[in-house]
Amino acid sequence: FTMAGSRRGEYGREERIPVLQKPKKGKGKDIDGELGVEYTQYGFDMQFLRRCRRIYQIALPPLMSGEAALVALLLFMIFPPMITQFLFAILPGWTMKTLVSRNLPGFIYTICITSAVAALDCIMGGLNFFLSLYISVRFRRRLTYHMHDRYLSTKQFYYRMTLSANNVDNPDQRIQNDSAQVTVGLVTILCIIASAMLQIGVYTCYVVVTVGWKGTAIIYLYYFITSVVNQTLMSPIVALTYNQDRLEGNFRFHHARVRTGAEAIAFTGGEEETKAALNEDFRRALRNQTAQIFRQSYLNLFTGFIGNGNAMLGYSVAAITVFTNPTYAAYSAADLAEAITQLTSVVGGLTGSFSALVNAAPLASSLAGNASRIGQMLEHMDSLDEEHEI
């Protein structure tokens, strides 16, 4: 990529230099080779967790501040929805019992209770949604100001990073786009993990009492296997997300260079060369995006299977309990309907809590790509800082 101009050739004639040099195409390259070492350098691993911890340390407000109180409120607001979800697992059994016993007053009473719980759950959900987005904006503010302070410090990181652009591409995109994506993702993941873990703890205690440890162990084994498969499917998406941001940034940057060098392109007649180079950048971005779509589809397909398997798993565990426990043989039809409905609902609540973690996999894979770009830039500025001290 060079600015347009002219020079004298070997025999004295003027040669045209396009604004964008057309990249050379290699033969027999697959997607790994074309994307470079970064395709396999980043994944869902311990390095990603360390980078997330550092971003949290930067973005989190001081402990004694109004923003910290909002974060505490957001974490506290996880409990009311957990209670309403637990009630939603119990109430269907009561409703089923009133229907089997043809108890109209009892049915009306349970429907009113269910409606009140549903209204409370909607209010709590809306408040949680507002708090999570508002806090993510505040996190972005702190993270962006921190990166501005370092990037535009007197140590001239902005100039030194331009000289070493191969190490950190498009710092402007990392500060503007990746920081926005990573703060929203970190707050969302925090809420999902905290809520799911609390629900798993509550439902596990209830399922162990009602079902026994064998049924609980089956559920845990099922989701342990799915988590291993999930991690395998997520890691390539992290690398592809990282590279997609890099390639899109290059494509956008080259378009900006065309705008600034428009006069030079027109003067030297470099339209064809410029168009060919831009098309090459776009082709690389599309090829990476296509690979990302395929990988993401595999992950979504797997999470879909896991979600649909929840019902079969819940009914299977309930069947094991009902057929192996002689106590249920003495139940009346109404009591048995209530017990089975509550049993399947509570088991479904436990599997649903695990599914919430599984369904967060696509978000986590995208978050890992953005966090890798932010973390790499911070680490590169650390190395430049060490060189400046020396």
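Preceding this section is the structure that the text describes.
Okay, so let's go over this structure. (Residues numbered from 1 in each chain as written. Predicted model: local features only at pLDDT ≥ 70, side-chain atom pairs only at ≥ 80, totals over all residues. Heavy atoms only, no water.)

Below, the discussion takes up the packing of aromatic side chains. Throughout the structure, instances matching the rule amount to five aromatic pairs. With a centroid separation of 5.9 Å and 20 degrees between ring planes, the pair formed by Phe130 and Tyr134 is classed as stacked. On the criterion of helical spacing, the pair formed by Phe130 and Tyr134 is a turn pair, its members being four residues apart in helix α6 (residues 104–151). With relative accessibility at 37%, the residue Tyr134 sits in the partly exposed group. Measuring from ring centre to ring centre gives 5.1 Å for Tyr220 and Phe354, while their planes differ by 80 degrees; the resulting arrangement is edge-to-face. In this pair, Tyr220 is assigned in helix α9 (residues 213–260) and Phe354 in helix α12 (residues 333–359), connecting sequence segments 134 residues apart. Among the residues examined, Phe354 registers a relative accessible area of 12% and is labelled buried. Taken together through their ring pairs, the aromatic side chains of Tyr220, Tyr222, Tyr223 and Phe354 make up a single cluster. (Phe/Tyr/Trp six-rings, centres within 6.5 Å; stacked < 30°, edge-to-face > 60°. Helix = DSSP H or I, 4+ residues; strand = E, 2+ residues; numbered from the N terminus. Buried < 20%, exposed > 50% of the residue type's maximum accessible area, 1.4 Å probe, protein only.)

Our next topic: the packing of helix α8 (residues 171–210) against α9. Relative orientation of the contacting elements α8 and α9 amounts to 175 degrees, with a least axis distance of 14 Å. Relative to α9, the element α8 lies roughly antiparallel. Counting all contacts with α8, which are made through Asp172, Gln173, Arg174, Asn177, Asp178, Ile200, Thr204, Val207 and Val208, the residues of α9 involved are Trp213, Thr216, Tyr220, Tyr242, Asp245, Arg246, Glu248, Gly249 and Arg252. By residue class, the composition of the contact of α8 with α9 is six nonpolar, five polar and seven charged. (Axes fitted to C-alpha atoms, helices over the stretch in contact; angles between N-to-C directions. Parallel < 35°, antiparallel > 145°, perpendicular 65-115°, else oblique. Contact = heavy atoms within 4.5 Å. Nonpolar A, V, L, I, M, F, W, Y, C, P; charged D, E, K, R; others polar.)

Attention now moves to unusual backbone geometry. Positive phi values are uncommon outside glycine, yet Arg102 reaches one of about 55 degrees. Following the sequence through the fold, Arg102 ends up in the loop between α5 (79–100) and α6. Residue Arg102 is classed as exposed on the basis of its relative accessible area of 76%.

Let us look at the pattern of salt bridges. If you walk through the whole model with that rule in mind, you get eight salt bridges. Arg54 is paired through a salt bridge with Asp382; the nearest N and O atoms lie 2.6 Å apart. You can see Arg54 sitting in helix α3 (residues 46–59) and its partner Asp382 sitting in helix α13 (residues 361–389), a full 328 residues away along the chain. A single network of salt bridges, built from pairs that share partners, joins Arg54, Arg150 and Asp382. (Salt bridge = Lys/Arg side-chain N within 4 Å of Asp/Glu carboxyl O.)

This brings us to the nonpolar core. Counting 40 residues, the largest nonpolar core has Met161, Val182 and Met377 as its most contacted members. For this core, the element with the highest residue contribution is α13, accounting for 10 residues. Those residues within four positions of Met161 in sequence are excluded, and the remaining contacts are Tyr151, Val168, Pro171, Met377, His380, Met381 and Leu384. (Core = buried A, V, L, I, M, F, W, Y, C linked by side-chain atoms within 4.5 Å.)

With respect to the element layout, Thr110 can be found in helix α6. Apart from the residues lying within four places of it in its own chain, the contact partners of Thr110 are Trp94, Thr95 and Thr98.

Glancing now at the side chain of Thr183. Turning to its location among the elements, Thr183 is positioned in helix α8. The class for Thr183 is buried, based on a relative accessible area of 2%. At 3.0 Å, the side chain of Thr183 and the backbone oxygen of Ala180 are in polar contact. Those residues in contact with Thr183 that lie beyond four places of it in its chain are Ser136, Phe139, Arg140 and Leu143. (Polar contact = N/O pair within 3.5 Å; in protein donor to acceptor, adjacent residues only side chain to side chain.)

This part is about the environment of Ala368. Inspection of the secondary structure assignment puts Ala368 in helix α13. On the basis of relative accessible area, Ala368 is assigned to the buried category, the value being 0%. Distance in space between the C-alpha atoms of Ala368 and Leu186 is 9.7 Å, their sequence separation being 182 residues.

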